[in-house]
Amino acid sequence: MMPEPHNPLSKPQPQPFDVTVSIPTSTSKSEPTENISVSEEAEFRKKEEIYVHQVYQTIAPHFSNTRFKPWPVVEKFLKELPPGSIGADVGCGNGKYLGVNPSLITLGSDRCFNLVEISKERGHEALVADNLNLPYRSNCFDFIISIAVIHHFTTPSRREQAIQELSRVLRPGGKMLVFVWALEQKGKRQFDPNAPDVLVPWVLPQKFAPGEKPEGTESQVYQRYYHLFQEGELEQLAISAPLDVLDHGYDRDNWWGQFIKRTPNTN
């Protein structure tokens, strides 16, 4: 996708984003998008390719430079797991959480090739994979973390499919931690409560820009798609998978939930 030139005297602002094709996108909590045709599904995937995958592939080195300190809730979750636990960081980015607890065996994956390469350069186990079709057998992990990933899927049904796929590879009794951007943010960003689907700008300094660097251009702006979760929406999404809520909260403009996969009833 083509970046926008950035005026250094103005700060790019998030803007509403219409994810619809020929059907309305629900703003209510975890309502599924039904009766999507093959062409409509292809259009949703195309929008994710343009406004998520291509953007992160381009901004990966700069993005990685801004992601270095583990968030306390995630760090606490990882450090409280039993030694020897085997888990997955789905959407691992540059791998900043893969080495938080050396007593764990954690496999990283991300849709972005360039971020996976950065993670591997740091000595971590990581591979390119899609959250909607993970290359792992069912019921194989003791824990899973998904940090700032599911909000990049453009429809309720795709977000539901994402958490169901995470649940599929988690063993019964295994734990999962999920973070998603909040609609009700308390920081500098303020969003329209009636417009949960937005494009959020990323300002890429010229020294990180790929290819030729035109003279006089200090930076470029790339737009990233986000679905902003309402309070309680993440927990309702987990109902679509065999997950129970252990804990939940708000942290750093994100809603987070800790879940446990239900043990099948053998009676």
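Everything below is about the structure shown above.
Residues numbered from 1 in each chain as written. Predicted model: local features only at pLDDT ≥ 70, side-chain atom pairs only at ≥ 80, totals over all residues. Heavy atoms only, no water.

Colleague: Explain the pattern of salt bridges here, please?
Modeller: Once their charged atoms are close, side chains differing in charge can pair, the charge on each being opposite to the other. Scanning the entire structure with this criterion turns up 10 salt bridges. Note that glutamate 48 is salt-bridged to arginine 158, the shortest N-O span being 2.8 Å. In this pair, glutamate 48 sits in helix H1 (residues 38-65) while arginine 158 sits in helix H4 (residues 156-169), placing the two residues 110 residues apart along the sequence. The same class applies to glutamate 48 as to arginine 158, namely buried. (Salt bridge = Lys/Arg side-chain N within 4 Å of Asp/Glu carboxyl O. Helix = DSSP H or I, 4+ residues; strand = E, 2+ residues; numbered from the N terminus. Buried < 20%, exposed > 50% of the residue type's maximum accessible area, 1.4 Å probe, protein only.)

Colleague: Please explain the pairing of strand S3 (residues 86-90) as it appears in this structure.
Modeller: Residues in a regular strand point their side chains to alternate faces of the sheet. For S3, a buried count of 4 out of 5 residues is recorded, marking the element as mostly surrounded by other parts of the structure. Where S3 lies against strand S4 (residues 105-110), 5 bridges are found, and the strand directions are parallel. By the bridge assignment for S4, valine 90 is matched with serine 109. One ladder, built from 3 bridges, connects S3 with strand S6 (residues 141-147); its direction is parallel. Bridge pairing in S6 places glycine 87 opposite phenylalanine 143. (Pairing = 2+ DSSP bridges.)

Colleague: It is not clear to me how helix H2 (residues 72-79) should be interpreted in this structure. Could you clarify?
Modeller: Given 3.6 residues per helical turn, the α-helix brings residues three or four places apart onto the same face. If you check which residues of H2 are buried, you get Val74, Phe77 and Leu78. Considered in projection along H2, the buried side chains sweep an arc of 95° and stay on one side of the axis. Against the buried residues of H2 lie S6, strand S7 (170-181) and strand S11 (254-261). (Arc of directions from axis to C-beta. Contact = heavy atoms within 4.5 Å.)

Colleague: Would you mind going over the packing of H1 against helix H3 (residues 113-121) with me for this structure?
Modeller: Each pair of packed helices can be described by the angle between their axes along with the distance between the axes. It is the contact of H1 with H3, at a shortest axis distance of 7 Å, that shows an interaxial angle of 35°. Residue-level inspection shows Gln57, Ala60, Pro61, Phe63 and Ser64 of H1 in contact with H3, the latter providing Phe113, Asn114, Leu115 and Ile118. Residues belonging to the contact of H1 with H3 are distributed by class as follows: 6 nonpolar, 3 polar and no charged. (Axes fitted to C-alpha atoms, helices over the stretch in contact; angles between N-to-C directions. Nonpolar A, V, L, I, M, F, W, Y, C, P; charged D, E, K, R; others polar.)

Colleague: Looking at this structure, I do not really get the nonpolar core. What am I missing?
Modeller: Across soluble globular proteins, nonpolar side chains have a tendency to be buried as a group. Core analysis: the biggest nonpolar cluster contains 28 residues, and Ile144, Ile150, Met176 and Leu243 have the highest contact counts within it. Counting residues per element, the ones that place at least two in this core are S3, S6, H4, S7, helix H5 (233-239) and S11. One finds Val52, Trp181, Phe191 and Leu228 within the second-largest nonpolar core, a separate group that totals 22 residues. (Core = buried A, V, L, I, M, F, W, Y, C linked by side-chain atoms within 4.5 Å.)

Colleague: Explain the packing of aromatic side chains here, please?
Modeller: The way to describe two aromatic rings as a pair is by their centre distance and the angle between their planes. Under the criterion given, the structure shown has 7 aromatic pairs. Look at tyrosine 56 and phenylalanine 63: their rings are 5.2 Å apart centre to centre, the planes differ by 90°, and that puts the pair in the edge-to-face class. The residues tyrosine 56 and phenylalanine 63 share a single accessibility class, namely buried. Here tryptophan 181 and tyrosine 226 contribute two aromatic rings whose centre-to-centre distance is 4.0 Å and whose plane-to-plane angle is 20°, an arrangement assigned as stacked. In this pair, tryptophan 181 sits in strand S7 while tyrosine 226 sits in strand S9 (residues 219-227), placing the two residues 45 residues apart along the sequence. The exposure classification of tryptophan 181 matches that of tyrosine 226, with both residues buried. Here a set of aromatic residues connected by ring pairs shows up, and it is made of Tyr56, Phe63 and Trp202. Sitting above the plane of the tyrosine 250 ring, lysine 186 keeps its charged end 4.6 Å from the centroid. (Phe/Tyr/Trp six-rings, centres within 6.5 Å; stacked < 30°, edge-to-face > 60°. Lys NZ or Arg CZ within 6 Å of the ring centre and 35° of its normal.)

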